[in-house]
Amino acid sequence: VLCNFRDAAEGPLDPAAVAEKLDAVSRDGGDRVRVFACSARDCFGLALLYDYLAVPFRRLQVDQQRRLLATSEARLEAATAELDAKIAESSYAAHVSKAAAAP
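Residues numbered from 1 in each chain as written. Predicted model: local features only at pLDDT ≥ 70, side-chain atom pairs only at ≥ 80, totals over all residues. Heavy atoms only, no water.

### As for the overall build of the chain
Then comes step 1: Each helix and strand in the chain was counted, giving 3 helices and 2 strands.
Then comes step 2: Mapped from its N terminus to its C terminus, the chain presents α and β elements in the order β-α-β-α-α.
Then comes step 3: Across the 103 residues of the chain, 9% fall into the buried class.
Then comes step 4: About 8,800 Å² of surface is accessible on the chain, with carbon and sulfur atoms providing 59% of the total. (Helix = DSSP H or I, 4+ residues; strand = E, 2+ residues; numbered from the N terminus. Buried < 20%, exposed > 50% of the residue type's maximum accessible area, 1.4 Å probe, protein only. Areas by Shrake-Rupley, 256 points an atom, 1.4 Å probe, with all protein chains shown as cover.)

What follows is the structure, encoded as structure tokens:
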């Protein structure tokens, strides 16, 4: 929750009061609601807003990395299974007889 007009003599919202009420409502285990003050007049809270907006981007990055990890693990498992199958099928005697039969 973004409490704007913090520069006003009597801001319309007190961030602490808003946070207290939202904490009472959002105890369902979901994402924590964050409340901070800002002022468009003098850019107070702008850095906080940038940091806040970075959180969904970082979550997206984490989700993408998890998907990539799952894909890499599946490829590793397939490569390991293929290697084990080739090792089980390999025979030096078959190699020698194939080499001798080649022109």
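### Some words on the packing of aromatic side chains
Then comes step 1: Using the criterion set out here, one finds 1 aromatic pair in the structure.
Then comes step 2: Here Phe-36 and Tyr-52 contribute two aromatic rings whose centre-to-centre distance is 6.1 Å and whose plane-to-plane angle is 55°, an arrangement assigned as tilted. Residue Phe-36 is located in strand β2 (residues 36–37), and its partner Tyr-52 is located in helix α2 (residues 46–89); the two are separated by 16 residues in the primary sequence.
Then comes step 3: The class of Phe-36 is buried, set by a relative accessible area of 12%.
Then comes step 4: Judged by its relative accessible area of 40%, Tyr-52 falls in the partly exposed class. (Phe/Tyr/Trp six-rings, centres within 6.5 Å; stacked < 30°, edge-to-face > 60°.)

### A short note on the side chain of Ser-39
Then comes step 1: Within the fold, Ser-39 resides in the loop between β2 and α2.
Then comes step 2: Here the side chain of Ser-39 touches Asp-42 through a polar contact of 3.1 Å, side chain to side chain. (Polar contact = N/O pair within 3.5 Å; in protein donor to acceptor, adjacent residues only side chain to side chain.)

### Here we look at the pattern of salt bridges
Then comes step 1: On inspection of all chains with the given rule, the structure shows 2 salt bridges.
Then comes step 2: A salt bridge links Glu-82 to Lys-86, with the shortest nitrogen-to-oxygen separation between them at 3.2 Å. Taken together, the residues span about one helical turn, with Glu-82 and Lys-86 both in helix α2 at a distance of 4 residues.
Then comes step 3: Overall, Glu-82 belongs to the partly exposed group, its relative accessible area being 45%.
Then comes step 4: The exposed category is assigned to Lys-86, whose relative accessible area is 52%. (Salt bridge = Lys/Arg side-chain N within 4 Å of Asp/Glu carboxyl O.)

### Notes on the environment of Cys-38
Then comes step 1: If you trace the backbone, Cys-38 turns up in the loop between β2 and α2.
Then comes step 2: The spatial distance from the C-alpha of Cys-38 to the C-alpha of Leu-48 is 8.5 Å, given a sequence separation of 10 residues.

So, to be careful, I would describe these as geometric facts and stop short of saying anything about function.
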